[in-house]
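In case you want the letters, here they are:
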Amino acid sequence: MPIAASAPTTATAPGAAGPLAADYFQSYSVVGLLAVLGVLFVAAAFGAGRLLRPVVPTPEKLLTYECGVDPVGEGWAHTQVRYYVYAFLYVIFAVDSIFLFPWATVFAAPGYGGTTLVEMFVFLGFLAVGLLYAYKKGVLTWT
């Protein structure tokens, strides 16, 4: 008794969009329509705000506002970069240390112990080189 090999297929000309392609593009058209509606909604909100707000410029309104204190001096001020460097180093090492937890779980799995241990020490070596570089550059000295 012969068994049917496959369901009948519909032949389409090369380059013609089949029924699957129509569903595919229809889903993207919905996303595109929502994006356009979102942009129009934001533009209408900004336009309505511009039309409805009172415009009465005074010298007090044109001053830079800093926590209720009148600005004194120039607009440019020197900022200590070392605070940002410490924060940057902390983020780098805190985020990189998070990768140690998945390695610890894989290390416990049978068959992955030696490879995982070598990879972990290579990774920690890269972190140590980064820390040594920061130390040699004088980033970690507080003066």
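Rules behind the numbers
- Residues numbered from 1 in each chain as written.
- Predicted model: local features only at pLDDT ≥ 70, side-chain atom pairs only at ≥ 80, totals over all residues.
- Heavy atoms only, no water.
- Helix = DSSP H or I, 4+ residues; strand = E, 2+ residues; numbered from the N terminus.
- Buried < 20%, exposed > 50% of the residue type's maximum accessible area, 1.4 Å probe, protein only.
- Contact = heavy atoms within 4.5 Å.
- Areas by Shrake-Rupley, 256 points an atom, 1.4 Å probe, with all protein chains shown as cover.
- Axes fitted to C-alpha atoms, helices over the stretch in contact; angles between N-to-C directions.
- Parallel < 35°, antiparallel > 145°, perpendicular 65-115°, else oblique.
- Nonpolar A, V, L, I, M, F, W, Y, C, P; charged D, E, K, R; others polar.
- UniProt positions renumbered as here; feature names shortened; annotations may be inferred.
- Expected span 1.5 Å × (residues − 1).
- Patch = residues over 30% accessible without salt bridge, like charges linked within 9 Å, V, L, I, M, F, W, Y side chains within 5 Å.
- Salt bridge = Lys/Arg side-chain N within 4 Å of Asp/Glu carboxyl O.

When helices and strands are tallied, the chain shows 4 helices and 0 strands. Along the chain, helices (α) and strands (β) appear in the sequence α-α-α-α when read from the amino end. Classification of the 143 residues of the chain by burial places 7% in the buried group. A separation threshold of at least 6 residues defines the contact pool for the chain, and within that pool the share at least 24 residues apart is 53%. Total accessible area on the chain is roughly 13000 Å²; 72% of this is exposed by carbon and sulfur atoms.

Looking now at the packing of helix α2 (residues 82-98) against helix α3 (residues 100-108). The interhelical angle for the contact between α2 and α3, taken along N-to-C directions, is 20°, at an axis separation of 4 Å. Taken together, the axes of α2 and α3 lie roughly parallel to each other. Within the contact between the two elements, α2 uses D96, S97 and I98 and α3 uses L100, F101 and P102. Of the residues in the contact of α2 with α3, the class split is 4 nonpolar, 1 polar and 1 charged.

Take the UniProt feature "transmembrane region" (unreviewed entry) in the chain next. The sites that carry the UniProt feature "transmembrane region" (unreviewed entry) are, in the present numbering, residues 31-52, 83-104 and 116-135. With 95% helix and 0% strand, residues 83-104 has its two end C-alpha atoms placed 32 Å apart. End C-alpha to end C-alpha, residues 116-135 measures 28 Å, and it is 100% helix and 0% strand.

Along the polypeptide, E119 turns up in helix α4 (residues 113-136). Sequence separation of E119 and W103 is 16 residues, and the distance between their C-alpha atoms is 8.8 Å.

In this section: α4. Here α4 is 24 residues long and its end C-alpha atoms lie 34 Å apart, about the 34 Å a rise of 1.5 Å per residue gives. Among the residues making up α4, those that are buried are G113, T116, M120, F123, L127 and A134. In this structure, the buried side of α4 is in contact with α2 and α3. Two residues or fewer past α4, G138 is found with a positive phi of approximately 85°.

A cluster of nonpolar side chains, V30, L33, L34, V36, L37 and L40, forms an exposed patch at the surface whose accessible area comes to about 580 Å². Inspection of the secondary structure assignment puts L40 in helix α1 (residues 19-52). Given a relative accessible area of 52%, L40 falls into the exposed group.

Where α2 contacts α4, the two axes come as close as 11 Å, and the packing angle between them is 170°. On the basis of their axis angle, the class for α2 and α4 is roughly antiparallel. Of α4, the residues touching α2 (which contributes L89, F93 and D96) are F123, L127, G130, L131 and A134.

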